[in-house]
Amino acid sequence: MKYDVIIVGGGPAGLTAGLYSARHKLKTAVFEEGVVGGQITLTTYIENYPGTGSLSGMELAARMKKQTEEMGATVVKEHVIEIKKRGEGKFNVKTERGTYECKTIIIATGAAHRKLGIKSEDDFVGKGVSFCSTCDAPLFQDKTVAVIGGGNSALESALYIADIAKETYIIHRRNEFRGEEYLAEKISKNAKIEVLWDTLVTEIKGKTMVEKLILKNVKTCKVSELKVDGVFIYVGVTPLNQLAKGVGVELSDKGFIEVDWDTQQTSIPGVFAAGDVTGRLLQIGVAVGEAIIASTSAYKYIKNLQK
Ligand SMILES: Cc1cc2nc3c(=O)[nH]c(=O)nc-3n(C[C@H](O)[C@H](O)[C@H](O)COP(=O)(O)OP(=O)(O)OC[C@H]3O[C@@H](n4cnc5c(N)ncnc54)[C@H](O)[C@@H]3O)c2cc1C
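Because the structure is a prediction, the values reported are computed rather than measured.

Novice: It is not clear to me how the sheet that holds strand β15 (residues 212-217) should be interpreted in this structure. Could you clarify?
Specialist: Sheet strands pair via backbone hydrogen bonds, and the direction of the pair is either parallel or antiparallel. Strand order across the open sheet formed by three strands is β14-β15-β16, with antiparallel pairing between neighbours. Either end of the sheet is taken by a strand with one partner, and the two such strands are β14 (199-205) and β16 (223-227). If you compare each strand with its neighbour and ignore which way they point, the axes differ by 30 degrees on average. Relative to β16, β15 runs antiparallel, the two being bridged by five bridges. Each residue of the ladder has a partner; that of Ile214, found in β16, is Glu225.

Here it is, written out as structure tokens:
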């Protein structure tokens with residue numbers, strides 16, 4: 001099968017890129033290996049995406065998919081294994097089911113939040129466990145929340161959550177933060193934040209929602225319980241960059257795809273990238289914005305091929 005544009009990843013970035021490419025009258029396919037909608041399907045409510053009001057992640061994903069398909073893009077439920085450049089404007093995209101040809105590619109494979117790797121962590125995603133304070137902190141108004149991690153994201157999140165929640169704990173496995181001193185100082189001056197140093201979370205417990213954490217002090221080995229309504233896990237994100245690596249695009253030292261911010265083009269002409277995989281602020285609005293730029297650039301790239 002031949003397409004003008006193939007988009008890898010059917011999250012907000014991929015679906016938006018599909019919408020715009022199809023609207024440019026390009027033959028467009030969006031390849032998604034899992035649940036169409038990407039990470040937004042993991043969250044109960046989205047309250048910060050303009051124009052939708054408070055909406056479930058599944059509903060927003062369904063609406064994005066519908067609009068993209070109605071515009072003329074095809075959503076293909078296949079895992080992309082490899083991208084190969086055969087020449088200018090000539091790419092092969094290999095999946096488990098076959099090889100597709102296209103003139104340009106948009107990589108929108110997203111990022112996976114690093115997990116703690118403990119018992120019941122997965123069971124409570126969207127039920128008190130969150131990886132995104134900007135998105136979910138308002139759900140914990142006047143409640144007790146723990147933030148796990150010691151880098152900038154964890155510290156920024158704790159400061160943001162402390163304005164909303166009744167009590168905020170930071171649980172960090174070391175005795176000093178990795179994040180900036182400026183943030184650490186703000187944390188130390190904030191009466192609503194308590195830091196539990198040298199502490200690991202070994203288990204998350206609750207009936208249907210998060211109710212408590214089992215903690216272990218790494219120095220004394222003392223085990224204790226902490227009652228919480230929510231847990232924000234900030235132990236880093238991993239960009240899903242295997243395809244990008246395979247085709248040879250440049251990555252940052254943290255593994256995000258390097259792009260020209262004006263066009264979203266990667267180091268390989270004809271290959272564009274958008275969304276969490278580029279490592280900007282990890283939000284739907286940002287992913288959507290980058291996808292609009294990427295698909296417009298892909299359209300121009302194809303037009304230039306025809307000259
Ligand atoms: C629990 C949670 C709550 C959140 N809440 C909010 C919120 O309220 N507001 C907000 O703005 N942001 C929120 N976010 C962040 C937001 O979901 C992301 O910023 C956004 O989804 C990024 O979109 P994306 O398309 O770049 O990546 P993703 O959503 O990660 O989508 C990438 C897609 O690519 C697919 N894929 C990867 N590799 C392949 C391959 N080889 N072949 C085929 N498919 C592939 C993946 O399966 C995935 O579906 C939340 C995130 C989480 C985890």
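Picking up after the structure, the text goes on.
Novice: Would you explain the site of the ligand in this entry?
Specialist: The environment of the ligand is made up of 33 residues, and the closest members are Glu32, Gln39, Asn48, Cys135 and Asp276. Within the backbone of Leu282, a nitrogen or oxygen atom sits 3.4 Å from an oxygen atom of the ligand. Ile284 places a main-chain nitrogen or oxygen 2.9 Å from an oxygen atom of the ligand. Compared with its free state, where it exposes 1,000 Å², the ligand has 95% of that area covered by protein. Along the lines of polarity and charge, the residues of the shell around the ligand split into 16 nonpolar, 13 polar and four charged.

Novice: Looking at this model, I keep getting lost on the packing of aromatic side chains. Mind explaining?
Specialist: Considering all chains together, one arrives at five aromatic pairs under this definition. Ring geometry for Phe140 versus Phe232: centroids 5.6 Å apart, planes at 75 degrees, classification edge-to-face. Residue Phe140 is located in the loop between α3 (133-136) and β11 (144-148), and its partner Phe232 is located in strand β17 (residues 230-233); the two are separated by 92 residues in the primary sequence. When the ring of Phe272 is compared with that of Tyr301, the centres are 6.2 Å apart and the planes differ by 75 degrees; the resulting orientation is edge-to-face. Of this pair, Phe272 sits in strand β19 (residues 271-273) while Tyr301 sits in helix α7 (residues 284-306); the two residues are 29 residues apart in sequence, bridging distant segments of the chain. In this structure, Phe272 and Tyr301 share a single accessibility class: buried. An aromatic cluster is defined as three or more aromatic residues linked by ring pairs; in this entry it consists of Tyr3, Phe31 and Tyr100.

Novice: What should I look at first to understand helix α1 (residues 12-23) in this one?
Specialist: Residues separated by three or four positions in an α-helix point in the same direction, a consequence of the helix having 3.6 residues per turn. Given a rise of 1.5 Å per residue, 12 residues ought to cover 16 Å, and the 16 Å separating the end C-alpha atoms of α1 matches this to within 8%. With 10 of 12 residues buried, α1 is to be regarded as a mostly interior element. Of the positions making up α1, those classed as buried are Pro12, Ala13, Gly14, Leu15, Thr16, Ala17, Gly18, Leu19, Ser21 and Ala22. Elements in contact with the buried residues of α1: β1 (2-8), β2 (28-31), α2 (57-71), β5 (74-76), β8 (99-107) and α7. Phi for Lys25, located one or two positions after α1, is positive at around 65 degrees.

Rules and cut-offs
- Residues numbered from 1 in each chain as written.
- Predicted model: local features only at pLDDT ≥ 70, side-chain atom pairs only at ≥ 80, totals over all residues.
- Heavy atoms only, no water.
- Pairing = 2+ DSSP bridges.
- Helix = DSSP H or I, 4+ residues; strand = E, 2+ residues; numbered from the N terminus.
- Axes fitted to C-alpha atoms, helices over the stretch in contact; angles between N-to-C directions.
- Near = heavy atom within 4 Å.
- Polar contact = N/O pair within 3.5 Å; in protein donor to acceptor, adjacent residues only side chain to side chain.
- Areas by Shrake-Rupley, 256 points an atom, 1.4 Å probe, with all protein chains shown as cover.
- Nonpolar A, V, L, I, M, F, W, Y, C, P; charged D, E, K, R; others polar.
- Phe/Tyr/Trp six-rings, centres within 6.5 Å; stacked < 30°, edge-to-face > 60°.
- Buried < 20%, exposed > 50% of the residue type's maximum accessible area, 1.4 Å probe, protein only.
- Expected span 1.5 Å × (residues − 1).
- Contact = heavy atoms within 4.5 Å.

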